[in-house]
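Fold and contact review
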Amino acid sequence: MKLPSPLPRPRERGVVLLFCLIILVVLLAGGVAVVRSMNASLFSAGNLAFKRDLVNRGEQAAQKVLTEFRTGGLAGATADIDSNQALNYSAKTLPTNARGIPQALLSTEAYGAVATTKIENAVDKVTIWYVIDRLCSDVGAAATLGPKGCVYAPLNTQVTGGSSQRAREDLPPPATLIYRLSVRVDGPRDTQVFLQSSFTKPQT
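The sections below set out a description of the structure shown in this document. Here the structure is a predicted model, which means the values were calculated and not measured.

Thoughts on helix α2 (residues 59-70)
With twelve residues, α2 extends 17 Å between its outermost C-alpha atoms, agreeing within 8% with the 16 Å of an ideal straight helix rising 1.5 Å per residue. Of all the positions in α2, only A61, V65 and F69 are classed as buried. Burial along α2 is one-sided: seen end-on, the buried residues are contained in an arc of 70°. Away from its buried face, by an angle of more than 90 degrees, α2 presents the exposed residues E59 and Q63.

Written out as structure tokens, the structure is:
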């Protein structure tokens, strides 16, 4: 008995292999993109952490300035009439850029013309630059400059009521001068933050 001859095998053209290689290339490119995206995200998260830390470090300047106004060289009734470069204090408003940042914080030369003190941490490589300026148009006594020359804020006074209060209803509320604290904090990886706050002279 004669067996039937086997059918001829189809010729292999490698189409499936070609598609597999294309898919592997696409997957490899996607993997590289994911790794780069993760690295960028980690870098951004690290910078945000540095900035958050620098914001917290900037509070040191605020604490030092308030201490100077309470018990230090700016605590006296007339201590703030003239500028005090040793305490980073200007008795008149400092010129600023379009964003309201004093020019003194934008360069070392300008800073040296207004202030001499800075807070440094050599271990963490953090430097705090700060200036205080009184929001007045010129130096001198605020009473002489008046409301047109200085910026005032009303004091929060407690109203007790009663007939004794009626005699004061037509009087203007007491006011106090406003000071501005501007801070620049430099940290690792060329991280830099600017902080600014306004305050009134604390009661000693």
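Things to note about unusual backbone geometry
With phi around 60°, N88 is a residue other than glycine that occupies positive phi space. Position of N88 relative to the elements: it lies in the loop between α2 and β1 (89-90). Residue class for N88 comes out buried when judged on its relative accessible area of 0%. Residues other than glycine seldom take positive phi values, yet K125 does so here, at roughly 60°. For K125, a relative accessible area of 62% gives the class exposed.

Comments concerning the layout of surface pockets
Counted as a void, the second largest pocket has a volume near 210 Å³. A77, D80, L177, Y179 and K201 are, among the eleven residues lining the second largest pocket, the residues nearest its centre.

With respect to the side chain of S90
Within the secondary structure, S90 is located in strand β1. At 2.7 Å, the side chain of S90 forms a polar contact with the backbone oxygen of K92. Leave out the neighbours within four places in its chain, and S90 touches S83, I132, D133 and R134.

What about the packing of aromatic side chains?
Scanning the entire structure with this criterion turns up six aromatic pairs. With a centroid separation of 5.5 Å and 80° between ring planes, the pair formed by F69 and F199 is classed as edge-to-face. Here the residue F69 occupies a position in helix α2, and F199 occupies one in strand β6 (residues 192-200), the gap between them amounting to 130 residues. Exposure remark for F69: the relative accessible area of 0% places this residue in the buried category. On the basis of relative accessible area, F199 is assigned to the buried category, the value being 14%. Ring geometry for Y111 versus W129: centroids 5.0 Å apart, planes at 85°, classification edge-to-face.

A short note on the pattern of salt bridges
If you walk through the whole model with that rule in mind, you get four salt bridges. D124 serves as the salt-bridge partner of R57, at 2.7 Å between the closest nitrogen and oxygen. One end of the pair, R57, is in helix α1 (residues 15-57); the other, D124, is in the loop between β2 (118-121) and β3 (126-134), with 67 residues separating them in the sequence. In this structure R57 comes out as buried when scored by relative accessible area, which is 17%. On the basis of relative accessibility, which here comes to 32%, the residue D124 falls in the partly exposed class. Look at the salt bridges and you will find they share partners, linking D53, R57 and D124 into a network.

Digging into the environment of L106
Within the fold, L106 resides in the loop between β1 and α3 (108-114). By relative accessible area, L106 is classed as partly exposed at 39%. A sequence separation of 78 residues divides L106 from R184, and the C-alpha atoms of the two residues are 8.6 Å apart. The contacts of L106, once residues within four sequence positions are left out, are N97, I101, R184 and F194.

What counts and how
Residues numbered from 1 in each chain as written. Predicted model: local features only at pLDDT ≥ 70, side-chain atom pairs only at ≥ 80, totals over all residues. Heavy atoms only, no water. Helix = DSSP H or I, 4+ residues; strand = E, 2+ residues; numbered from the N terminus. Expected span 1.5 Å × (residues − 1). Buried < 20%, exposed > 50% of the residue type's maximum accessible area, 1.4 Å probe, protein only. Arc of directions from axis to C-beta. 1 Å grid on protein atoms, 1.4 Å probe; cavity = no way out; pocket = protein on both sides within 12 Å on 5 of 7 lines; lining within 4 Å. Points joined across faces, edges and corners; volume = space filled by probe spheres on them. Polar contact = N/O pair within 3.5 Å; in protein donor to acceptor, adjacent residues only side chain to side chain. Contact = heavy atoms within 4.5 Å. Phe/Tyr/Trp six-rings, centres within 6.5 Å; stacked < 30°, edge-to-face > 60°. Salt bridge = Lys/Arg side-chain N within 4 Å of Asp/Glu carboxyl O.

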